[in-house]
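Chains, contacts and geometry: an overview
One letter stands for each residue in the lines below.
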Amino acid sequence: MILEIYSFSSLTEAIDTALNNSMAPWLATLTELVIIGIVFLSFYALLGLFLVYLERKVCAVMQNRIGPNRVGKWGLLQTIADLIKLLMKELIPIKNADQFLFNLAPYIVIAASFMAMAALPFAKGLQAIDLNVGLFYIMAVSSLGVVGILIAGWSSNSKYSLVGAMRSGAQIISYELSVGLSLLSIVIFTGSLQLSDIVASQADGWWIFKGHIPAFFAFVIYLVAGTAEINRGPFDLAEAESELTAGFHTEYSGIKFAFFFLAEYINMFIVAAVAATVFFGGWMPFHIGNWQGFNAVMDYIPSIVWFFGKTFFIIYLIMWFKWTFPRLRIDQLLTLEWKYLLPLNLINTVIIAFIVLMGWYF
Amino acid sequence: MSKDVVTNIILRDDEDYIINMGPQHPSTHGVLRLEVCLNGETVKYVVPHIGYIHRGIEKMCEYDTYKQIIHLTDRMDYLSAHMNNEAVSLLVENALGIEVPERVKYIRAALNELNRIASHHLWWSAFGMDLGALTTFFYGLRDREKILDIFDESFGSRLLHSFVTPGGLMHDVHPNFRKNILEFVKYFRKKLPEYKKLLTDNIIFQNRTKGIGVMSKETAIAFGVTGPSGRGSGFSCDVRKIAPYGIYDQLEFNEVLYSNGDSFDRYMVRMDEMVESMNLLEQIVDKMPEGTEFTAKMKPIVKLPEGEYFQRVETARGELDVFVVSDGKKHPYRMRFRSPNFSNMFTLNILGRGLKIADLVAISGSLDLVIPDIDR
């Protein structure tokens, strides 16, 4: 178990007590909501900028390049400069486009990714809402983004956008099944959809180790399906630039384009964070059986480091895919899901249910 | 006449869902406009529209001397600049009966093969991009840079060299020329397996290219598809073999032939051609005579005797034919190029019909089109 000094609950409880002592309870709750909102908004923006920077650096490593290195130390300010550029760019109104839906679409996409962040357990005692159906909630709201993508493709009044949006719709609806089933297999182990319960159940070992081969298999399927769900290479058919120029966001410019761009990266973070929470123990440290000394050393690493370390490891895996693999074709993509991943996943879930029934896990 | 040719009839309908790929589109490698009719994701027909980069090179040739024409030929297939130059040079030399020094022939062959490898580098890079594998671009260009450095050192330009002229070369090559070629061959032999690891062996890549865009040998012959695209269908059309020019009849090399005619075979032909070109380079450097002579004796202004002249060479994309009608003046009466890309491109409708739109991009990538060569 992680050391108590690293727990954020003392900090959050202190703020809560101080606010309640100084003002009316309803005002205290409102203030807390505002604080949480501001913290999340700034975290969201910083994370998005950092992920774009990280992607450019990882991509550069894969391609024998250096990557951004002019603006700021090691090019760290490059994405901020890019953001300023996007903020100042003209928002081009599209003739004959459905203006209301055209303007609405980016907000749906970004709101969906923003909502999913609320339920993630970032560290010990650092979680905005601990819903009793946390995992289900994250899956539900993160799949709302496809509505925004479909609206964007439809309202742009462009053929490329429409083809891109339709591809995206087919893809996300198919792969949602595999994502759900592979997460369900771990839920069978824990017996709870609450994210804090799932993390707590991995105190003595992560599910990817405790769950034998079926859990590892579920993780691989989750990684593939999760990558497909966030429209990233090799499944980036919705914005395949060699076929559809930029897919569903072809007609968007300036900050509206940036919203799509940012939401894509935050979705990647959410997919990686859910994988880290469900398969790799969330903020739980790495423990090996009865090695007391080793386990004690691991406990000294703060829980927030564990969570972000695992998440960024999975993000690196996803980026690695993108920069080495060619893109699939739409029929191959759907074949992969409906003919291979889904049946295998169903069998895997049954095997896991059997393992749980017989008590064959640690 | 082949059956495919008969069925290459396009019936337009007012209800058709048309997407214009190009003239500004990331996958057409230039200003080519493809009018693609879609049924969902499936391609119903493809109509290529050309002429966006037509510069009237053939007409301009009628007002230039033969040495000036060299500079225009660079601008056709800019990735095979040396081969284009050599086509006109050989034509003038054969017409006047000039024998160029042996050393020049070897240097020309070396430049041809270097240029062929450089062109295939760029094709490989762009083909990977067409399929969504963006990293190939940097691997290909990294190795292409080594060849461009050799060019840079010898004649100061990297893409459009205009180095081969009637009678020989513009000037002598750099003293390091032989050493650099050997170094490059040694370097690239080590790097070529990376290409295999990164793209050729990739299961997604193979699924995307195998059995896609199958061109039968009959179609290849009927459409006049030459070069690696034709040889992928088993059509033996290497001008270096069937009508040797320069020094090629004294060099040992194989004509790479594959028989399936799909995108993957066209890909493999080019990959194997890079190895063949490296073998050729080693032989050329080995046999190249010492010395400093780089040109035969030529008058400043060449006048071809009255008559018709014809020359064919093998560029990186296929057979380039030059046809000249001379009326005995210092510039040609009429000049005509038969460019490989023009014939290769018009198979797009036959190959892409009934497949997905992503396949169409893959097929146009596997044909290795250079648009300025089509329009001229």
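The rules behind the values
Residues numbered from 1 in each chain as written. Chains lettered and ligands numbered in written order. Predicted model: local features only at pLDDT ≥ 70, side-chain atom pairs only at ≥ 80, totals over all residues. Helix = DSSP H or I, 4+ residues; strand = E, 2+ residues; numbered from the N terminus. Rg over C-alpha atoms; globule rule 2.2 N^0.38 Å. Buried ≥ 20, exposed ≤ 12 C-beta atoms within 10 Å, placed from the backbone. Contact = placed C-beta atoms within 7 Å. Core = buried A, V, L, I, M, F, W, Y, C linked by C-beta atoms within 7 Å. Axes fitted to C-alpha atoms, helices over the stretch in contact; angles between N-to-C directions. Parallel < 35°, antiparallel > 145°, perpendicular 65-115°, else oblique. Nonpolar A, V, L, I, M, F, W, Y, C, P; charged D, E, K, R; others polar. Pairing = 2+ DSSP bridges. pLDDT = per-residue confidence, 0-100.

What follows concerns the overall build of chain B. Along the backbone of chain B there are 16 helices and eight strands. At 21 Å, chain B has a C-alpha radius of gyration in line with the 21 Å of a compact globule built from 376 residues. The C-alpha extent of chain B, read off along each of the three principal axes, is 65 × 50 × 35 Å. Classification of the 376 residues of chain B by burial places 50% in the buried group.

A separate point is the overall build of chain A. Helix and strand content of chain A: 15 helices and zero strands. For chain A, the C-alpha radius of gyration of 21 Å lies close to 21 Å, the compact-globule estimate for 362 residues. Taken along the three principal axes of its C-alpha coordinates, chain A extends 65 × 60 × 45 Å. A total of 362 residues make up chain A; the buried ones form 43% of that total. For chain A, the share of sequence-separated contacts (at least 6 apart) that also reach a separation of at least 24 residues comes to 79%.

Quick look at the nonpolar core now. Counting residues in each nonpolar core, the largest one holds 159 residues, and the members touching the most others are Ala272 and Ala275 of chain A. No other element matches helix H12 (residues 254-279) of chain A, which puts 19 residues into this core. Apart from the residues lying within four places of it in its own chain, the contact partners of alanine 272 of chain A are Thr311, Ile314, Ile315 and Ile318 of chain A. In terms of nonpolar packing, the next biggest core, distinct from the first, is built from 25 residues, Ile107, Ile147, Met274 and Ile284 of chain B among them.

Looking now at the packing of helix H4 (residues 81-96) of chain B against helix H5 (residues 102-130) of chain B. Residues and elements named next belong to chain B. The N-to-C vectors of H4 and H5 enclose an angle of 140°; their axes lie 8 Å apart at closest approach. Put simply, H4 runs oblique to H5. Contacts between H4 and H5 involve Ala81, His82, Met83 and Glu86 on the former and, on the latter, Arg108, Leu111, Asn112 and Asn115. Within the contact of H4 with H5, the residues separate by chemical class into three nonpolar, three polar and two charged.

A word on the sheet that holds strand E2 (residues 33-39) of chain B. Residue and element names in this part refer to chain B. Reading across the sheet, the three strands line up as E1-E2-E3 and stay open at both edges, with antiparallel pairing between neighbours. One side of each edge strand has no neighbouring strand; the edge strands of this open sheet are strand E1 (17-21) and strand E3 (42-49). Sheet twist, expressed as the average angle between the axes of neighbouring strands with direction ignored, equals 25°. Bridge analysis of E2 against E3 gives seven bridges, and the strand direction is antiparallel. Bridge pairing links asparagine 39 to threonine 42 in E3.

With that out of the way, let us pick up the interface of chain A and chain B. On the side of chain B, 25 residues touch chain A, which itself brings 23 residues to the contact. For the side of chain A that touches chain B, the secondary-structure elements that each account for two or more residues are helix H11 (241-244), helix H14 (303-324) and helix H15 (330-358) of chain A.

Moving on, we come to the sheet that holds strand E6 (residues 307-314) of chain B. Residue and element names in this part refer to chain B. An order of E6-E7-E8 is seen for the three strands of this open sheet, with the pairing classed as antiparallel. Unpaired on one side and paired on the other, E6 and strand E8 (334-338) mark the two borders of the sheet. Going from strand to strand, the sheet's axes swing by 10° on average, the running direction of each strand aside. Bridge count for strand E7 (residues 319-326) against E8 is five bridges, and the pairing is antiparallel. Residue pairing in the sheet places aspartate 321 in a bridge with arginine 338 of E8.

Looking now at the confidence of the model for chain B. Averaged over every residue, the pLDDT of chain B is 86; the share at 70 or more is 97%. Interface confidence for the predicted complex, expressed as ipTM, amounts to 0.80; the pTM equals 0.85.

What follows deals with helix H6 (residues 145-155) of chain A. Residue and element names in this part refer to chain A. In terms of burial, H6 is a largely internal element, nine of the 11 residues being buried. Taken residue by residue, H6 has Gly145, Val146, Gly148, Ile149, Leu150, Ile151, Ala152, Gly153 and Ser155 as its buried positions. Lining the buried residues of H6 we find helix H4 (99-117), helix H5 (134-142), helix H7 (159-190) and H12. Immediately beyond the C-terminal end of H6, within one or two residues, lies asparagine 157, with a positive phi of roughly 60°.

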